[in-house]
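Remarks on the overall topology
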Amino acid sequence: MNFTRQFSALLRMNLTAIPQRLGLVLTIVIGVACAVGVLVSMLAMGVGARREAMGNVRSDRVILTSIGAPSALQSSIGKDLLPLIYDLPGIRRNAAGRPMAAAQALLFTQARKKETGGPMGFALTGVTAGHADVQPELHLTAGRMFQSGLHELIASNKCARQFSNFAVGDKRAMRGTEWLVVGNFDLGSSEGACVVIADAETLLSAFRIAAYNQVIVLLQSPEAFSQLTDALEADPTLRVEAKREAEVAERNMKRFNGMLNFVAYFIGAIMAVAATIGAANSLYAIVDSRRRELATLCALGFTPGPIITSILAESILLALPGAFIGVGLAWLLFNGFTASPFGFSFQLAVTAPIAGLGIAWALGMGLVGGLLPALKAARMPVTTALRAS
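An account of the accompanying structure is given in this report. (Residues numbered from 1 in each chain as written. Predicted model: local features only at pLDDT ≥ 70, side-chain atom pairs only at ≥ 80, totals over all residues. Heavy atoms only, no water.)

Moving on: the packing of helix 1 (residues 3-16) against helix 10 (residues 304-334). Helix-helix packing is characterised by the crossing angle of the two axes and by the distance between the axes. Contact pair helix 1 / helix 10: the axes reach a minimum separation of 9 Å and the direction vectors enclose 45 degrees. Viewed along their axes, helix 1 and helix 10 adopt a mutual orientation that is oblique. Our pair here, helix 1 against helix 10, has a crossing hand that is right-handed. From helix 1, F3, Q6, F7, L10, L11, N14 and L15 reach across to helix 10, where they touch G305, P306, I307, T309, S310, I311, A313, E314 and L317. Taken together, the residues that form the contact of helix 1 with helix 10 break down as 10 nonpolar, 5 polar and 1 charged. (Axes fitted to C-alpha atoms, helices over the stretch in contact; angles between N-to-C directions. Helix = DSSP H or I, 4+ residues; strand = E, 2+ residues; numbered from the N terminus. Parallel < 35°, antiparallel > 145°, perpendicular 65-115°, else oblique. Left-handed = near helix turned anticlockwise from the far one by under 90°. Contact = heavy atoms within 4.5 Å. Nonpolar A, V, L, I, M, F, W, Y, C, P; charged D, E, K, R; others polar.)

Quick look at the side chain of D199 now. Inspection of the secondary structure assignment puts D199 in strand 10 (residues 196-199). No salt bridge is formed by the buried D199. Its closest oppositely charged neighbour is K79, at 9.6 Å. Polar contacts involving the side chain of D199 include one to the side chain of T202, which spans 2.6 Å. Each residue touching D199, except ones within four places of it in the same chain, is listed here: G126, V127, F146, Q147, S148, G149 and E152. (Buried < 20%, exposed > 50% of the residue type's maximum accessible area, 1.4 Å probe, protein only. Lys, Arg positive; Asp, Glu negative; His and termini not counted. Salt bridge = Lys/Arg side-chain N within 4 Å of Asp/Glu carboxyl O. Polar contact = N/O pair within 3.5 Å; in protein donor to acceptor, adjacent residues only side chain to side chain.)

Looking now at unusual backbone geometry. Unlike most non-glycine residues, R175 shows phi in positive territory, near 55 degrees. In this structure, R239 is a non-glycine residue whose phi angle is positive, near 50 degrees. On the secondary structure map, R239 appears in the loop between helix 7 (225-234) and strand 13 (240-244).

This model, assessed by the stated rule, comprises 10 salt bridges. With a closest N to O distance of 3.9 Å, K171 and E178 form a salt bridge. Grouping residues by exposure puts K171 and E178 together as exposed. The network of salt bridges with common partners includes R58, D60 and R92.

Position of M54 among the secondary structure elements: in the loop between helix 2 (22-53) and strand 1 (61-66). Along the chain, M54 and M253 lie 199 residues apart, while their C-alpha atoms are 9.5 Å from each other. Residues contacting M54, with those up to four places away along its chain left out, are A246, A249 and E250.

With that out of the way, let us pick up the packing of aromatic side chains. Inspection of every chain in the model, using the stated rule, returns 3 aromatic pairs. Relative to W361, the ring of Y265 has its centre 6.1 Å away and its plane inclined at 45 degrees; by these criteria the two rings are tilted. Of the two residues, Y265 is situated in helix 8 (residues 245-289) and W361 in helix 11 (residues 352-379); the sequence distance between them amounts to 96 residues. When its relative accessible area of 35% is taken as the criterion, Y265 is described as partly exposed. The class of W361 is partly exposed, set by a relative accessible area of 24%. Ring geometry for F334 against F337: centres 6.2 Å apart, planes inclined by 90 degrees, an arrangement best described as edge-to-face. (Phe/Tyr/Trp six-rings, centres within 6.5 Å; stacked < 30°, edge-to-face > 60°.)

What follows is the structure, encoded as structure tokens:
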């Protein structure tokens, strides 16, 4: 009897006997489902966070910071450089002929959560004229735009919903001065973090700062990026570097996503080890209950190879329902679920790639969990097994 015929016969016997071993089988399925469900749900956080961060990214929008700055908050661009930057080639101009560019000053401030009263830090953004050109996705939903030279703020609707004193008409004390919230807005498809905007010159004066952190520009086309970077490299006095918005968004999310993925794989690995041990114990029990049957098969000429392969195949096939159940529960319970860790809001996204990863994770658990029981079955002495009661 060749390998294929032996393997097929053994696998068919294993699967048809599942109803008699239903309790042990359910232990394997449930363990795998829990491990896969947890892993996929945790990875869905990272996917959702990245999708949120990239929601408003444009291929023709570029961010300029000082050379070598690790982040925008650590960048410094002097006011005297703005005319030179605005005059760089490749920058689009609006209907009035002005360059579509705006400088930003980023300052760290705190707010209080409405639900708990706990503090949460975020960046307060000061913008120069031209901000409407470079961020057209900003749409006021209440109130009006702030006026230059006045202590006025506009806040995203996320701020107004989650934090105190960000609705139109509210006042906030900063640096000994009351700032009036005059408008609320949405940022296109992205809710993301709380965003508060004020006039840059007023903000810099209040906080006694003399430089901006970054400049946002819109290009004539995405291909004009090389024209802009060539001009920056040709003028070393500027000491400014340009990055595409997508690159900056990816860099800003790298640490956050890295932390989420670490937690996902750490917890998923713990669950996977527990599920694998459970599967191995169940398969050991199944092998022990079939000692006489396996010994009889060996006596009839069945070789170790098909026995090992059939038990591994059974283990993997039993892991599959658990994989699909885990992925299905993760999608049903968490896909589209809104999370707000560290004040950054996003919706969890159970996508096809992480569902596939969850299924592969389950198959790996089935393979590892079935290996030792399969080897035990193949090495079982015929005489010992036949004497077993």
